[in-house]
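Spelled out, the chains give:
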Amino acid sequence: MSKATAICAAAFVLVAGAAQAQGQRGGGGLPQEAQRAMTQGLMDLQNQGALTTADSLAELVGHEKLKSFLDGAVVKLQLHPDGAFDAYCLEGGELVSIRLGKDQVTPPSLATRKEGWLHSSGELTPPKRAQKLSLTMRAGGQKVTVDCFNKYRRSEELVTYYVGPLDGLFCMGLSEDEKSG
């Protein structure tokens, strides 16, 4: 294992471990008012059953918090309108499975390096109605499953789900277009 790969693996494990610890404490380091506002705004999105755009989420949680979340992402899953997906995981980590509703897909184990990320691609069947999405990741001998905050349904636009630190390990799907979802 190269030094860079070992450092990325350690970072992935630290983010996952710290996020689990924050989730157990409940606060995640956010001021209580900010946490309540973020939770209420995200619940409003969930009640609408809608995806959101980066701009909409930035209005909700703030541009700095959104940038920190996107920059700290350890997994990115891009879902294309035709059912194809591209999975990106920080080197040292692995995306073990994607669960969309009742269907479970295992990304191909053969991944290519792409700008500090391990990239794999595959196919899944886009659901007709919004379905829950969860991602299972492994790094440093630990396996973590994260339920994504918003559901996924067939979209005419590219939708990217990010897993990163935002009040614990968090997964959020962002659409390229406000009309999706």
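Preceding this paragraph is the structure being described.
Here's a quick rundown of the structure. All figures in this text were calculated on a predicted structure; none of them were measured in a lab.

## What to know about the overall build of the protein
Each helix and strand counted, the protein has 4 helices and 10 strands in total. Considering the protein as a whole, with its 181 residues, one finds that 44% of them fall into the buried category. A total of about 10,000 Å² of accessible surface is found on the protein, and carbon and sulfur atoms cover 49% of it.

## Thoughts on the sheet that holds strand E3 (residues 93-100)
Spatial strand order, E4-E3-E7-E8: 4 strands in an open sheet with antiparallel pairing. The outermost strands of the open sheet, each flanked by one partner alone, are strand E4 (103-105) and strand E8 (142-147). The mean inter-strand angle of the sheet, taken between neighbouring strand axes irrespective of direction, is 20°.

## Concerning the state of the cysteines
For the coordinates displayed, the defined rule picks out 1 disulfide. Here Cys148 is linked by a disulfide to Cys171, with a sulfur-sulfur distance of 2.1 Å. Judged by the sign of its S-S torsion, about 65°, the cystine formed by Cys148 and Cys171 is right-handed. Residue Cys148 is located in the loop between E8 and strand E9 (159-165), and its partner Cys171 is located in strand E10 (residues 169-175); the two are separated by 23 residues in the primary sequence. For the pair shown, Cys148 and Cys171 are each scored as buried.

## A short note on the pattern of salt bridges
In the structure shown here, the tally under the stated rule is 3 salt bridges. The partner of Asp71 in a salt bridge is Lys67, with the nearest N and O atoms 2.5 Å apart. Taken as a pair, Asp71 and Lys67 lie in helix H4 (residues 63-71) at a separation of 4 residues, close to a single helical turn. Glu94 is the salt-bridge partner of Arg138, the closest N and O atoms lying 3.3 Å from each other. Taken together, the residues Arg138 in strand E7 (residues 133-139) and Glu94 in strand E3 connect sequence positions 44 residues apart. Owing to a relative accessible area of 33%, Arg138 belongs among the partly exposed residues under this scheme. On the basis of relative accessibility, which here comes to 34%, the residue Glu94 falls in the partly exposed class.

## Quick look at the nonpolar core
Leu77, Leu135, Tyr161 and Val163 are the most contacted members of the largest nonpolar core, which has 27 residues in total. Elements with a contribution of two residues or more to this core: strand E1 (75-79), strand E2 (84-90), E3, E7, E8, E9 and E10. In this structure Val163 touches Phe69, Gly72, Ala73, Val74, Val75, Leu135, Met137, Val146, Leu169, Phe170 and Cys171, once residues within four positions along its chain are discounted. Within the second largest apolar cluster, 12 residues are counted, among which are Leu57, Phe69, Tyr162 and Leu174.

## What about the sheet that holds E1?
Strand order in the open sheet formed by 6 strands is E5-E6-E2-E1-E9-E10, and the pairing between neighbours is antiparallel. Across the chains shown, the open sheet's two edge strands, defined by having one partner strand only, are strand E5 (112-114) and E10. The mean inter-strand angle of the sheet, taken between neighbouring strand axes irrespective of direction, is 25°. Bridge analysis of E2 against strand E6 (residues 117-123) gives 7 bridges, and the strand direction is antiparallel. Bridge pairing in E6 links Leu90 to Trp117. Sheet contacts for H4: E9 and E10; angle to E9, the most-contacted strand, approximately 95°.

## Points about the packing of aromatic side chains
Per the counting criterion, the structure on display carries 4 aromatic pairs. Considering the side-chain rings of Phe69 and Phe170, the 5.9 Å spacing of their centres and the 70° angle between planes classify their relative orientation as edge-to-face. Here Phe69 is found in helix H4, whereas its partner Phe170 is found in strand E10, with 101 residues between them in sequence. Across the pair, exposure class does not vary: Phe69 and Phe170 are buried alike. Within the aromatic cluster, the residues linked to one another by ring pairs are Phe69, Phe149, Tyr162 and Phe170. A cation over an aromatic ring shows up here: Lys76 above the ring of Tyr88, its NZ or CZ 5.7 Å from the ring centre. The cationic tip of Lys76 hangs over the ring face of Trp117; the distance from NZ or CZ to the ring centre is 4.4 Å.

Conventions used here
Residues numbered from 1 in each chain as written. Predicted model: local features only at pLDDT ≥ 70, side-chain atom pairs only at ≥ 80, totals over all residues. Heavy atoms only, no water. Helix = DSSP H or I, 4+ residues; strand = E, 2+ residues; numbered from the N terminus. Buried < 20%, exposed > 50% of the residue type's maximum accessible area, 1.4 Å probe, protein only. Areas by Shrake-Rupley, 256 points an atom, 1.4 Å probe, with all protein chains shown as cover. Pairing = 2+ DSSP bridges. Axes fitted to C-alpha atoms, helices over the stretch in contact; angles between N-to-C directions. Disulfide = S-S within 2.5 Å. Salt bridge = Lys/Arg side-chain N within 4 Å of Asp/Glu carboxyl O. Core = buried A, V, L, I, M, F, W, Y, C linked by side-chain atoms within 4.5 Å. Contact = heavy atoms within 4.5 Å. Phe/Tyr/Trp six-rings, centres within 6.5 Å; stacked < 30°, edge-to-face > 60°. Lys NZ or Arg CZ within 6 Å of the ring centre and 35° of its normal.

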